[in-house]
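# A closer look at the structure
Chain by chain, the residues run as shown.
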Amino acid sequence: MSEKIWLSSPHMGGTEQSFVTTAFETNWIAPLGTNVDGFEQDLEQFLKEGDVAALSSGTAALHLALIQSGVSAGDEVICQSMTFSASANPIAYQGAIPVFVDSERDTWNMDPVLLEQAIKERIAKGKKPKAIIPVHLYGMPAKMNEILAVAAEYEIPVIEDAAEALGSWYHDKACGTFGDFGVLSFNGNKIITTSGGGALVGKDKAAIAKSRFLASQARDPAPHYEHTHIGYNYRMSNICAGIGRGQMEVLGKRVEQRRSNYQHYLRTLSDLPGVSFVAEPAGSFSNRWLSTVLIDPAQSNGITRETIRLALEKHIIESRPLWKPMHLQPVFASAPAYVNGVSEALFENGLCLPSGSNLTQAQLQQTTDIIRSLWK
Ligand SMILES: *Cc1c(COP(=O)(O)O)cnc(C)c1O
């Protein structure tokens, strides 16, 4: 039996261990330390703009962004419906209410037209949303020009969930640097990993400095422990940051490898009836974190994304339906939602294919051979 082919597994570059070893040798086995500073600098250089605070997770980064955008109990926050639950959960941590907005077809991300409708209607109901959370799904940049224009018109801060989009660009600007805050994740399945971690990006130096303060238990300057704010234990550890510094050396390669996976799927599957892919709109560069495919059962002779998922599973190849929209999730059943059917159709017909940067040509070939055989 061949070994399991994963959807997206960690891929070390080789130098991670030496950064971790240095942390051991200097006994910096703690949150903060030279690796954390170094990792933040590496990220700032890569993104080309903004300050970066390295944190324990992308979820923590979203939470701190909401806190610093002034979101509190009873407030409403607009969030892309088609996303991972971690985009929306921190809204609930603040006792606030998510208002979900559906996607457009070109990028599968927040529909700017529906966003404006939602804002107008919420304002008419007497509650202006406190923040907007668009997401770059699977690395594909959202329509940020349009989203930022709507946000600017209504003067609502944008928290850009770029957890899946490190290494993606939109009109030559790095994803993560568009919002008032940007969120990155280094969870084990992301394009680079620190085994678990995240970062908050921001143009406002003072806000990022404040995030570091809040993330390390909000200790005011004093010889004893003095507190004027509620603090969080959200800082990244110096060990994890060491892994991150090594991973930053190979980020460019990881983007190339993931994009090459996508090219393989496009090349080998796009002639099959009912199979389609999502292309990069002009001006967008996707890191292709996950390669995704859409199956139209009306044209595929009844083959569905589930037929493919189960056929791959038989050969211990992992694939997964696209994110189930948040407005369909039981936990958010009572949240207001502005929908147009796009995310529901994507969830119904879409599948994430094995996408790791460490996949071999043989593994990719085996995967697409199995899929092609279903059409025979
Ligand atoms: C992974 C992910 C997050 C959460 O990041 P963690 O580091 O796992 O907390 C948030 N949003 C999206 C869209 C993600 O894919």
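It should be emphasised that the depicted structure is a prediction, and the values quoted were computed from it without experimental measurement.

### Notes on the sheet that holds strand S8 (residues 181–185)
- The sheet built from 4 strands is open, its strands ordered S1-S9-S8-S5 with mixed pairing. Strands at the two margins of the open sheet, each flanked by one partner only, are strand S1 (51–55) and strand S5 (159–161). Neighbouring strand axes in the sheet, compared pairwise and without regard to direction, differ in orientation by 20° on average.
- On the sheet, helix H3 (residues 58–68) packs against S1, S5, S8 and strand S9 (198–202) and is oriented at approximately 165° with respect to S8.
- Against the sheet, helix H7 (residues 205–215) engages S1, S8 and S9, with an angle of about 15° to S1.

### Digging into the packing of helix H9 (residues 251–269) against helix H12 (residues 361–373)
- With their axes 10 Å apart at the nearest point, H9 and H12 run at an angle of 35° to one another. Crossing of H9 against H12: the hand is right-handed. In contact with Asn 261, His 264, Tyr 265, Arg 267, Thr 268 and Leu 269 of H9, H12 contributes Gln 361, Leu 364, Gln 365, Thr 367, Thr 368, Ile 371 and Arg 372.
- A per-class count over the contact of H9 with H12 returns 4 nonpolar, 7 polar and 2 charged.

### So, the site of the ligand
- For the ligand, the set of nearby residues contains 15 residues, the closest of which are Thr 59, Asp 161, Glu 164, Ser 185 and Lys 190.
- In the environment of the ligand, an oxygen atom lies 3.3 Å from a nitrogen or oxygen atom belonging to the side chain of Lys 190.
- Across the complex, the protein chains shield 94% of the 380 Å² of accessible surface that the ligand would expose by itself.
- Taking a 2 Å distance to the grid points as the criterion, the majority of the atoms of the ligand fall inside the largest pocket.
- Of the residues in the shell around the ligand, the class split is 4 nonpolar, 8 polar and 3 charged.

### Observations concerning the UniProt feature "active site" (unreviewed entry) in the protein chain
- UniProt records the feature "active site" (unreviewed entry) for Lys 190 in the present numbering.
- Each residue touching Lys 190, except ones within four places of it in the same chain, is listed here: Ala 163, Glu 164, Ser 185, Arg 258 and Trp 289.

### Section: the side chain of Ser 168
- Note on placement: Ser 168 falls in the loop between S5 and strand S6 (169–170).
- Excluding residues within four positions of it along the chain, Ser 168 makes contact with Gly 139, Pro 141, Lys 173, Ala 174, Cys 175, Phe 285, Ser 286 and Asn 287.

### Side note on the sheet that holds strand S2 (residues 76–80)
- Pairing within the open sheet is parallel, and its 4 strands lie in the order S4-S2-S3-S14. Each end of this open sheet is capped by a strand with a single partner; those strands are strand S4 (132–133) and strand S14 (337–338).
- For S2 and strand S3 (residues 97–101), the ladder comprises 5 bridges, and the chain directions are parallel. Looking at S3, one finds that Glu 76 is bridged to Ile 97.

### What about the pattern of salt bridges?
- One pass over the structure, following the stated rule, counts 14 salt bridges.
- The residue Glu 76 makes a salt bridge to Arg 122 at a minimum N-O spacing of 2.8 Å. Of this pair, Glu 76 sits in strand S2 while Arg 122 sits in helix H5 (residues 112–124), placing them 46 residues apart in sequence.
- Between Glu 104 and Lys 143 there is a salt bridge; the shortest N-O distance is 3.9 Å. Remark: Lys 143 occurs in the loop between S4 and helix H6 (144–154) and Glu 104 occurs in the loop between S3 and H5; sequence separation between them is 39 residues.
- Look at the salt bridges and you will find they share partners, linking Arg 305, Glu 306, Arg 309 and Glu 313 into a network.

Scoring rules and cut-offs
Residues numbered from 1 in each chain as written. Predicted model: local features only at pLDDT ≥ 70, side-chain atom pairs only at ≥ 80, totals over all residues. Heavy atoms only, no water. Pairing = 2+ DSSP bridges. Helix = DSSP H or I, 4+ residues; strand = E, 2+ residues; numbered from the N terminus. Axes fitted to C-alpha atoms, helices over the stretch in contact; angles between N-to-C directions. Contact = heavy atoms within 4.5 Å. Left-handed = near helix turned anticlockwise from the far one by under 90°. Nonpolar A, V, L, I, M, F, W, Y, C, P; charged D, E, K, R; others polar. Near = heavy atom within 4 Å. Polar contact = N/O pair within 3.5 Å; in protein donor to acceptor, adjacent residues only side chain to side chain. Areas by Shrake-Rupley, 256 points an atom, 1.4 Å probe, with all protein chains shown as cover. 1 Å grid on protein atoms, 1.4 Å probe; cavity = no way out; pocket = protein on both sides within 12 Å on 5 of 7 lines; lining within 4 Å. Sits in = over half its atoms within 2 Å of the grid points. UniProt positions renumbered as here; feature names shortened; annotations may be inferred. Salt bridge = Lys/Arg side-chain N within 4 Å of Asp/Glu carboxyl O.

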